[in-house]
Amino acid sequence: MQNKDGENIVLTGFMGTGKTTVGKLLAEQLNREFIDTDELIQEREGLTIPEIFSKHGEAAFRQMEADVAEELSQRQGLVISTGGRLMMDPVNVRTLTRDGRVFCLIATPQEILSRIEKDTDHKRPLLEVPNPGEQIVELLKDRQKGYHRFQKIITTDKQPEDVTGDLLDIFQADPKRFSIDHPAQPYEYVVGSGILPFIRQLAGVTGSIAVITDTSVKELYAQSCGDVDHVITIPVGNQQKTLATVQDIYNELIQIGFDREGTIVALGGSVVGDIAGFVAATYMRGVDFIQCPTSLLAMADTSIGGKTSIDLPIGKNLIGAFKQPSMVIADVATLQTLPPEEFTSGMAEVIKHGLIADSDLLDQVKNGHWHHEAGTLYTSLFEVQALVAQSIQVKIAIVQEDPFDSGRRFSLNLGHTFAHAIEQVSEYSIRHGEAVAMGIVAATNLSIRLGRCSSDLQETVESILKMVGLPTRIPGLSTELLLKAMENDKKRIGDIIRFVIPSSVGHALIVDDISKDATRATLLELTS
Ligand SMILES: NC(=O)c1ccc[n+]([C@@H]2O[C@H](COP(=O)([O-])OP(=O)(O)OC[C@H]3O[C@@H](n4cnc5c(N)ncnc54)[C@H](O)[C@@H]3O)[C@@H](O)[C@H]2O)c1
Ligand SMILES: [Zn+2]
């Protein structure tokens, strides 16, 4: 691939997704020439597209498109908006990707319809039917496979200026790489925008690749993974972390003839990461494993460290294995579709990392250009990429110091002794990250109570958690049940419950000498 200045930017997508508007804005910002293939053809022929269709036929029009694609691919530094079907043809794709990067603008059928209804300048013969809404859904289904090949840019509920900003972020940001020096196997963590299609190339895999994902993520990203051989899908949800699910996956792997030379890719949040990692650790005594986290929690935290786990009916995370990935590929562009409450939940681990070991990371969260729109926390992909990169570096540094989880690594459990009890007592109706946020406040309160940190730390911690929309009080759970759950937690050593508490911003302590009374007083103070 040549340098970015020369690379053409090619926009594709269904009608009404804003290819021309965004393309023009982009060209203006980058000081490039803008070309719309439909307009170019109409100008050259002196006819409108419907006229070309009726005079010369569709095949002739498609040939004109192919000729234009070939001609434009010989030039450099253009922004090209393509006709809705031009990039459905694999020959045109090959031509225009020789020296160009393709982005596909997408929007919901409702949004497409409302934009088209507003735009009375253009005739849309394909939609001159009694029910254009249904027609859009049908046409999108038809083209889904083609469009899925490209980096997607979401335009629903966004102004063209914001879409252009997202696109520029993705185009200009280079992936960042960090190496993780693990005794079992050193590996790399790569974070970037739009890197999902290059799993095979980035990880240098030559054998067969089986992607394990859940139904939601499959729908959105399975076809964006580039050159992979199989996709195995599990239902969505935490309750899938069972041996039955694992067995179904083993069976499917056997059926497709997947052998020890193959590589398993986890594509999804931490639930998928846990299950796929466990499968990779155990199938045929272990096969290569790549993590492609798509939730913020998985990107900023769980995709490294090598812990995988499965539940038993009598308790969660009781079965597991350490399985180091051979690479982690975090494509932050996938976070555009993550439900807002899941994004917020992931921010708890980012804040946790800042509080344990990196006050700059906390400043980065505080000073981020956040927009709070309709309950959604959002900032540019560029900033999200920087946050993920900074957050994962904290975890990398700590995991490297303690690869087998025997000491320092315990500090990563800040807030988690409380959080696991809160999740359990709430019967898992509270998300992991939300419980971690409550747990971080509780650990800080405990630290103040014991005189281990200054009394203004709680306010500092609460204000940053609130800023990203995380809860800071425990909602009406029984203190006695929470205490009991903590006593049963894995982190208990004999009669002692081990806690991590903050001592100041960027520093944490591991303490074993905390009385039940102090813990009870903290829980009572924070339960609303
Ligand atoms: N291995 C560990 O160290 C560890 C630690 C803590 C928690 N966990 C597990 O992880 C779970 C929470 O992880 P999580 O927050 O990643 O949740 P998750 O894996 O359940 O994902 C959350 C939801 O978001 C969807 N999703 C994921 N990526 C998406 C995307 N890009 N676009 C649209 N939807 C997307 C998923 O389908 C799912 O419905 C916990 O419940 C726990 O089981 C594991
Ligand atoms: Zn956690």
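Structure: see above.
So, here's what we can say about the structure. (Residues numbered from 1 in each chain as written. Chains lettered and ligands numbered in written order. Predicted model: local features only at pLDDT ≥ 70, side-chain atom pairs only at ≥ 80, totals over all residues. Heavy atoms only, no water.)

## Concerning the side chain of Glu434
Okay, step 1: Assignment of secondary structure puts Glu434 in helix H18 (residues 432-449).
Okay, step 2: Leave out the neighbours within four places in its chain, and Glu434 touches Ser345, Leu470 and Pro471. (Helix = DSSP H or I, 4+ residues; strand = E, 2+ residues; numbered from the N terminus. Contact = heavy atoms within 4.5 Å.)

## Side note on the coordination of the zinc ion (ligand 2)
Okay, step 1: Protein ligation of the zinc ion (ligand 2) involves Glu349 (OE), His416 (NE2) and His432 (NE2), the donor distances falling in the range 2.0 to 2.1 Å.
Okay, step 2: In the primary structure, the donors to the zinc ion (ligand 2) are separated according to the pattern E-x66-H-x15-H. A residue pair is termed long-range when its members are at least 10 positions apart, and Glu349 in helix H14 (residues 340-357) and His432 in helix H18 qualify at 83 residues. (Donors = N, O, S within 2.8 Å, 3.2 Å for Na, K, Ca; no water.)

## A word on the nonpolar core
Okay, step 1: Core analysis: the largest hydrophobic core is formed by 74 residues, its most contacted members being Tyr189, Phe343, Met347, Val365, Ile422 and Phe499.
Okay, step 2: Filtering out sequence-adjacent residues up to four positions away, Met347 remains in contact with Leu296, Val365, Trp370, Leu377, Leu387, Val468 and Leu470.
Okay, step 3: Formed by 32 residues, the second largest nonpolar core is a distinct cluster that contains Ile52, Leu86, Ile136 and Leu139. (Core = buried A, V, L, I, M, F, W, Y, C linked by side-chain atoms within 4.5 Å. Buried < 20%, exposed > 50% of the residue type's maximum accessible area, 1.4 Å probe, protein only.)

## Points about the packing of helix H3 (residues 49-56) against helix H4 (residues 58-73)
Okay, step 1: Packing of H3 against H4 leaves a shortest axis separation of 7 Å and a crossing angle of 125°. Here H3 is positioned oblique relative to H4, judged by the angle of their axes. Together, Ile49, Ile52, Phe53 and His56 of H3 and Glu58, Ala60, Phe61, Arg62 and Met64 of H4 make up the contact between the two elements.
Okay, step 2: Class assignment for the residues of the contact of H3 with H4 results in 6 nonpolar, 1 polar and 2 charged. (Axes fitted to C-alpha atoms, helices over the stretch in contact; angles between N-to-C directions. Parallel < 35°, antiparallel > 145°, perpendicular 65-115°, else oblique. Nonpolar A, V, L, I, M, F, W, Y, C, P; charged D, E, K, R; others polar.)

## Some words on the site of ligand 1
Okay, step 1: The environment of ligand 1 is made up of 23 residues, and the closest members are Asp214, Asp274, Thr294, Ser295 and Thr337.
Okay, step 2: Within the side chain of Asn238, a nitrogen or oxygen atom sits 2.7 Å from an oxygen atom of ligand 1.
Okay, step 3: Within the contact set of ligand 1, a nitrogen atom lies 2.7 Å away from a side-chain nitrogen or oxygen of Thr337.
Okay, step 4: For ligand 1, the protein covers 84% of the area, taking 860 Å² as the surface of the free molecule.
Okay, step 5: At the level of elements, helix H10 (215-221), helix H12 (270-282) and helix H13 (296-302) are the ones that each hand at least two residues to the shell around ligand 1.
Okay, step 6: If you tally residues by element for the shell around ligand 1, the top one is H10, at 4 residues.
Okay, step 7: Per-class residue counts for the shell around ligand 1 are 8 nonpolar, 10 polar and 5 charged. (Near = heavy atom within 4 Å. Polar contact = N/O pair within 3.5 Å; in protein donor to acceptor, adjacent residues only side chain to side chain. Areas by Shrake-Rupley, 256 points an atom, 1.4 Å probe, with all protein chains shown as cover.)

## Considerations on the packing of helix H2 (residues 37-45) against H3
Okay, step 1: In contact at an axis separation of 10 Å, H2 and H3 are set at 60° when each is read in the N-to-C sense. It follows from the interaxial angle that H2 and H3 lie oblique. Read as a crossing pair, H2 and H3 show a hand that is left-handed. Along its contact with H2, which presents Asp38, Ile41, Gln42 and Glu45, the element H3 presents Ile49, Ile52 and His56. (Left-handed = near helix turned anticlockwise from the far one by under 90°.)

## Points about the packing of aromatic side chains
Okay, step 1: Evaluation of the coordinates by the stated rule reveals 6 aromatic pairs.
Okay, step 2: A ring pair is formed by Tyr250 and Tyr283, whose centres lie 6.3 Å apart and whose planes are at 25°; its orientation type is stacked. On the criterion of sequence distance, the pair formed by Tyr250 in helix H11 (residues 243-255) and Tyr283 in the loop between H12 and strand S11 (288-293) is long-range, its members being 33 residues apart.
Okay, step 3: On the basis of relative accessible area, Tyr250 is assigned to the partly exposed category, the value being 24%.
Okay, step 4: Put simply, the rings of Tyr250, Phe258 and Tyr283 pair up and form one aromatic cluster.
Okay, step 5: The lysine or arginine in question, Lys316, covers the ring of Tyr428, its NZ or CZ lying 4.8 Å from the ring centre.
Okay, step 6: The lysine or arginine in question, Arg498, covers the ring of Phe410, its NZ or CZ lying 5.7 Å from the ring centre. (Phe/Tyr/Trp six-rings, centres within 6.5 Å; stacked < 30°, edge-to-face > 60°. Lys NZ or Arg CZ within 6 Å of the ring centre and 35° of its normal.)

## As for the pairing of strand S8 (residues 209-214)
The side chains of a regular strand alternate, residue by residue, between the two faces of the sheet.
Okay, step 1: Across the 6 residues of S8, 6 count as buried, placing the element largely inside the fold.
Okay, step 2: Burial of S8 is two-sided: the residues Ile209, Val211 and Thr213 facing one way and the residues Ala210, Ile212 and Asp214 facing the other way are all buried.
Okay, step 3: Sheet analysis places S8 next to strand S10 (residues 263-268), joined by 5 bridges and oriented parallel. Directly across from Ile209, in S10, lies its bridge partner Thr263.
Okay, step 4: In this structure, S8 lies alongside strand S9 (residues 230-234), joined through 5 bridges in parallel fashion. If you follow Ala210 over to S9, its bridge partner there is His230.
Okay, step 5: Each parallel crossover has a hand, and for S8 linked through H10 to S9 it is right-handed. (Pairing = 2+ DSSP bridges. Right-handed = clockwise from strand over helix to strand, strands pointing away.)

## Notes on unusual backbone geometry
Outside of glycine, negative phi angles account for most residues, and trans bonds account for most peptide bonds.
Okay, step 1: You will see that Asp157, though not glycine, has its phi angle at about 60°, which is positive.
Okay, step 2: Structurally, Asp157 can be placed in the loop between strand S5 (151-154) and helix H8 (160-172).
Okay, step 3: For Asp157, a relative accessible area of 69% corresponds to the exposed category.
Okay, step 4: Positive phi, normally seen in glycine, also occurs at Met284, with a value near 50°.
Okay, step 5: For Met284, the position within the fold is in the loop between H12 and S11.
Okay, step 6: When its relative accessible area of 33% is taken as the criterion, Met284 is described as partly exposed.

## Concerning the pairing of strand S12 (residues 307-312)
Okay, step 1: In this sheet, strand S13 (residues 315-322) lies alongside S12 in antiparallel orientation, the contact comprising 5 bridges. By the bridge assignment for S13, Ile310 is matched with Ile319.
Okay, step 2: Here S12 hands over to S13 after 2 residues, the two strands then running antiparallel side by side.

## So, the environment of Lys118
Okay, step 1: By the secondary structure assignment, Lys118 is in helix H6 (residues 109-118).
Okay, step 2: Between the C-alpha atoms of Lys118 and Gly16, which are 102 residues apart in sequence, the distance is 10.0 Å.

## Comments concerning the sheet that holds S10
Okay, step 1: The strand order across the open sheet formed by 7 strands is S6-S7-S14-S11-S10-S8-S9, and the pairing between neighbours is mixed. Sheet topology places strand S6 (176-180) and S9 at the edges, where each strand pairs with a single neighbour. Direction aside, the axes of adjacent strands within the sheet are offset by 20° on average.
Okay, step 2: With respect to the sheet, helix H16 (residues 381-401) is in contact with S6 and strand S7 (187-192), its orientation differing from that of S6 by roughly 10°.

## Description of empty space enclosed by the protein
Okay, step 1: According to the stated counting rule, one finds 1 cavity of 30 Å³ or more in the structure shown.
Okay, step 2: A volume near 100 Å³ is recorded for the largest cavity.
Okay, step 3: As for the largest cavity, its lining consists of Phe150, Gln151, Lys152, Ile154, Leu196, Pro197, Tyr221, Ser224, Asp331, Ala333, Thr334 and Gln336.
Okay, step 4: No other element matches the 3 residues that S5 contributes to the lining of the largest cavity.
Okay, step 5: A class-by-class count of the residues in the lining of the largest cavity yields 6 nonpolar, 4 polar and 2 charged. (1 Å grid on protein atoms, 1.4 Å probe; cavity = no way out; pocket = protein on both sides within 12 Å on 5 of 7 lines; lining within 4 Å. Points joined across faces, edges and corners; volume = space filled by probe spheres on them.)

Function cannot be inferred from these measures alone, as they are strictly geometric.
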